[in-house]
Amino acid sequence: MSRVHVPMRQLLTLCALFGVSASIWAAGADIGQAEKQPTNWVAIGMFAVFVLFTFGVTKWAAAKTKSAADFYTGGGGITGFQNGLAIAGDYMSAASFLGISAAVMFGGFDGLIFSIGFLVGWPVVTFLLAERLRNLGKFTFADVVSFRFAQTPVRIFAASGTLVVVAFYLIAQMVGAGQLIKLLFGLDYWIAVVLVGSLMMVYVLFGGMTATTWVQIIKAVLLLGGASFMAFMVLASFGFSPEAMFAKAVEVKTGIAAAAGKPPAEAAAQGFSIMGPGGFIKDPISAISFGMALMFGTAGLPHILMRFFTVPNAKEARKSVLWATTWIGYFYLLTFIIGFGAISFVLTNPQFLDAKGGLLGGGNMAAIHLANAVGGNVFLGFISAVAFATILAVVAGLTLAGAAAVSHDIYGVVIKGGKADSAAELKVSRVTTIVLGVIAVLLGIAFEKQNIAFMVSLAFAIAASANFPVLLMSVLWKDCTTRGAVVGGFLGLVSSVALTVVSPSVWEVTLGNPQGSALFPYQSPALFSMTLAFVGIWLFSILDKSPRAAQDRAGFLAQQVRSETGIGASGASGH
Amino acid sequence: METDLTTRIANHPSYQALKAKRTRFGLWLTLAMMVVYYGFILLVAFNKPFLATRLGEGVTTYAIPIGFGVIIFTVVITAIYVRRANREYDDLAEQVSKAVLK
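Residues numbered from 1 in each chain as written. Chains lettered and ligands numbered in written order. Predicted model: local features only at pLDDT ≥ 70, side-chain atom pairs only at ≥ 80, totals over all residues.

(A) Main features of the overall build of chain A. When helices and strands are counted, chain A shows 24 helices and 0 strands. Against the compact-globule benchmark of 25 Å for 575 residues, chain A has a radius of gyration of 23 Å, which places it among compact chains. For chain A, the residues scored as buried account for 65% of the 575 residues in total. By sequence separation, contacts in chain A at least 24 residues apart represent 84% of the contacts at least 6 residues apart. (Helix = DSSP H or I, 4+ residues; strand = E, 2+ residues; numbered from the N terminus. Rg over C-alpha atoms; globule rule 2.2 N^0.38 Å. Buried ≥ 20, exposed ≤ 12 C-beta atoms within 10 Å, placed from the backbone. Contact = placed C-beta atoms within 7 Å.)

(B) Representation of the overall build of chain B in the model. From N to C terminus, chain B includes 4 helices and 0 strands. If you list the helices and strands of chain B from N to C, you get α-α-α-α. Over its C-alpha atoms chain B spans a radius of gyration of 21 Å, topping by over 25% the 13 Å that the globule rule assigns to 102 residues. Along the longest, intermediate and shortest principal axes, the C-alpha atoms of chain B span 70 × 25 × 20 Å. Expressed as a percentage of its 102 residues, the buried residues of chain B come to 29%. Considering only intrachain contacts with a sequence separation of at least 6, the fraction spanning at least 24 residues in chain B is 63%.

(C) Quick look at helix α17 (residues 366-415) of chain A. Residues and elements named next belong to chain A. Helix length check: α17 (50 residues) gives 50 Å between terminal C-alpha atoms against 74 Å at 1.5 Å per residue, more than 12% under. At Gly 375, α17 is deflected by roughly 140°, the largest bend along its length. Along α17, 44 of the 50 residues are buried, which leaves the element largely enclosed by surrounding structure. Looking one or two places after α17, you find Gly 417, whose phi comes out positive at around 60°. (Expected span 1.5 Å × (residues − 1). Bend = angle between axes of the 7 residues up to and from the residue.)

(D) How the structure looks around the interface of chain A and chain B. The interface of chain A with chain B comprises 46 residues on the first partner and 44 residues on the second. In terms of residue count, the dominant contributor to the side of chain A that touches chain B is helix α16 (residues 314-345) of chain A (10 residues). When its residues are assigned to classes, the side of chain A that touches chain B shows 31 nonpolar, 9 polar and 6 charged. (Nonpolar A, V, L, I, M, F, W, Y, C, P; charged D, E, K, R; others polar.)

(E) View of the packing of helix α24 (residues 556-565) of chain A against helix α1 (residues 3-11) of chain B. The geometry of α24(A) relative to α1(B) is characterised by a closest axis approach of 10 Å and an angle of 60° between their N-to-C directions. Accordingly, the angle class assigned to the pair α24(A) and α1(B) is oblique. As for how α24(A) packs across α1(B), the hand of that crossing is left-handed. Two secondary-structure elements touch here, α24(A) through Leu557(A), Ala558(A), Val561(A) and Thr565(A) and α1(B) through Thr6(B), Ile9(B) and Ala10(B). For the contact of α24(A) with α1(B), a count of residues per class yields 5 nonpolar, 2 polar and no charged. (Axes fitted to C-alpha atoms, helices over the stretch in contact; angles between N-to-C directions. Parallel < 35°, antiparallel > 145°, perpendicular 65-115°, else oblique. Left-handed = near helix turned anticlockwise from the far one by under 90°.)

(F) Looking closely at helix α5 (residues 80-91) of chain A. Residue and element names in this part refer to chain A. Across its 12 residues, α5 extends 16 Å between first and last C-alpha, which sits within 8% of the 16 Å expected from 1.5 Å per residue. Within α5, 11 of the 12 residues are buried, which leaves it mostly tucked inside the rest of the structure. Among the residues of α5, those classed as buried are Gly 80, Gln 82, Asn 83, Gly 84, Leu 85, Ala 86, Ile 87, Ala 88, Gly 89, Asp 90 and Tyr 91. Where α5 is buried, its residues touch α11 (189-237), α15 (302-305), α16 and α17.

(G) Summary view of the packing of helix α10 (residues 151-185) of chain A against helix α18 (residues 422-446) of chain A. Residues and elements named next belong to chain A. It is at 8 Å that the axes of α10 and α18 come closest, and there the two elements cross at 60°. Taken as axis vectors, α10 and α18 run oblique relative to one another. For the element pair α10 and α18, the recorded crossing hand is right-handed. In contact with Leu 170, Ile 171, Met 174, Val 175 and Gly 178 of α10, α18 contributes Ala 440, Val 441, Leu 443 and Gly 444. Its residues assigned to classes, the contact of α10 with α18 shows 7 nonpolar, 2 polar and no charged.

(H) Here's a closer look at the environment of Asp90(A). Residues and elements named next belong to chain A. Turning to its location among the elements, Asp 90 is positioned in helix α5. Looking at Asp 90, the number of C-beta atoms within 10 Å reads 29, which means it is buried. Once residues within four sequence positions are removed from consideration, Asp 90 is found in contact with Gln 216, His 303, Ile 304, Arg 307, Ala 393, Val 394 and Gly 397.

(I) Region of the structure containing the nonpolar core. In this structure, Val196(A), Leu370(A) and Leu392(A) are the most contacted members of the largest nonpolar core, which totals 236 residues. With 31 residues, α17(A) is the largest single contributor of residues to this core. (Core = buried A, V, L, I, M, F, W, Y, C linked by C-beta atoms within 7 Å.)

(J) Quick look at the confidence of the model for chain B. Averaged over chain B, the pLDDT score is 89; the fraction of residues at 70 or greater is 97%. In the predicted complex, the global pTM is 0.89; the interface-specific ipTM is 0.93. (pLDDT = per-residue confidence, 0-100.)

(K) Inspection of the environment of Tyr15(B) at higher detail. Looking at where Tyr15(B) falls in the secondary structure, it is placed in helix α2 (residues 13-46). Classification of Tyr15(B) by C-beta neighbours within 10 Å gives buried; the count is 24. Each C-alpha atom of the pair Tyr15(B) and Ser97(B) lies 9.3 Å from the other, and the pair is 82 residues apart in sequence. Not counting residues within four places of it along the chain, the set of residues in contact with Tyr15(B) comprises Glu564(A), Thr565(A), Ile9(B), Ala10(B) and Val96(B).

(L) Quick peek at unusual backbone geometry. Residue and element names in this part refer to chain A. With a phi close to 55°, Phe 240 is a non-glycine residue in the positive phi region. Within the secondary structure, Phe 240 is located in the loop between α11 and α12 (242-259). For Phe 240, a count of 10 C-beta atoms within 10 Å puts it in the exposed group.

(M) Representation of the confidence of the model for chain A in the model. Looking at chain A as a whole, the pLDDT averages 87, with 92% of positions reaching at least 70. Every residue in residues 1-30 of chain A scores below 50 in pLDDT, and together they form 85 contacts with partners more than four places removed in sequence or on other chains.

(N) Region of the structure containing the environment of Leu392(A). All names here are of chain A. Along the polypeptide, Leu 392 turns up in helix α17. Residue classification places Leu 392 among the buried residues on the basis of 26 C-beta atoms within 10 Å. Considering only alpha carbons, one finds Leu 392 and Asp 143, 249 residues apart in sequence, at a separation of 27 Å. Excluding anything up to four places from it in sequence, Leu 392 contacts Val 196, Leu 199, Met 200 and Val 215.

Here is the structure:
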């Protein structure tokens, strides 16, 4: 076998990115810093084909986007299967493709622990929320939360929760996009960010939810297809024996450790360590807290919740989550195989390594180099283009959710008292889309050199601590009141952000304070901020003796009847 | 929705059955998912050597089938809910709406 020398500095860079220890908690699966690569014309050509095709889709979608309802829900006629693919396309980011496969290449089983966290929220969405969301809501999750409550305060809370989550998620995606495109296409960072921002605005502005949905579906199919091919080629080269694949990976890792000067016994132990958990989970409190952020954050992401209003009824809503869960679970199995494939085919091939023995272009290139190894230059171009398309699909979904919160919740309900006409609301959505797009590009450029690794996990923690508790309690708990929901929700929102700021990953890593000075020792705030939100909702609801509270409680029966049966639910989302 | 219709639906036996069954089943399955996931996380936190134990002669460890098992469990438990909901809950909801919306 070929011995590959990976110098310590390179290993440390990888550690920093994918966290042998604590840093992975905060890492989300981010892209990290990247080195600029030579311009890749095959990849650019493939991507140009994708862009032209999606422009065609957008043109078709634009003709169908006439009202605010079309803009928010694509007319509500999307099937469960299509929506399941679109949800998967919305959820599987480029970071999870490149980041998780790289984490597996580096740490083996630890990468799988990470991806499992991103999957386990889906059953919870199915069992508790999907059907009820569809039966109660129309365009945004605020419709559901405010069903029986005073509109203005609840909408303001829900729009805040949406915009904060969208902002952090969007910055992470934009910075990731800039790094990734610099890496894959050899374009300058700022050009990449402007390109992503502009294309995303075209999709959302003209094609609304219809174009966004189809961009997500196309991207999901391409990503699943490309990843399946890679996993197939890897398994085929080992005669479809996972044991042979693992054995080769352990051998390669042992060789790397031996080449770094480890005595044979220690090198063998280090090589074998990829087959079990390593330093991913340090203290159980961080582990549980982070798990809660991922599990319940999924059930509170506004751009995901919004997708349930694009299907005609509760049956299609639940079918969509089953399809989404299936595709996302399958995808994580593929990334695991891809990561192990990268150990055998990338770490052993000098073509993919720099002079010092590290991966060309940085740790995140594992899947990209593997694409080259199993499918040649054309397939490499294809996978690069798919990774770019992936970012576009995710940012389009996020921007649409942000625009809907501003135009439907704030403008339509809070400012116009629910009497805004569709044309005016549509106009506000489009202006908001442009504003959000410009802000996203500017922030993307501003954060280029920042360590933004914490942002994706922060977005999940906020979604779990603010949006999810309010949504769950308003739907299931009779005695929940406007005051309880708003106070508890804001407690969750503020505490999750505040605890993240004073946690090691932001206080020490990003803000540069001395090690050990962070006030909050754990890697994720969710365990504490979620508890605070639930206790806040409960306490301020039971103490609430106002006339509004009586009205809120009296409205529960009608809400429950509709959430269970769908009778009276907005049909195909307002034609 | 007018109060009269709400009361009629709320008092319908099929509605009562639907509400009780779906809520209970949903909560039990949520609990099952949480037990499996947090059980897995705690196993990783407290018993790393067990997960790193070899299954047989080769290098494959208990960690691999257990990790893949959690992923498959997640998909299967979702499928179980959706199957039951498609067969049972939609019928019950249909009965209710037929009975009250004549």
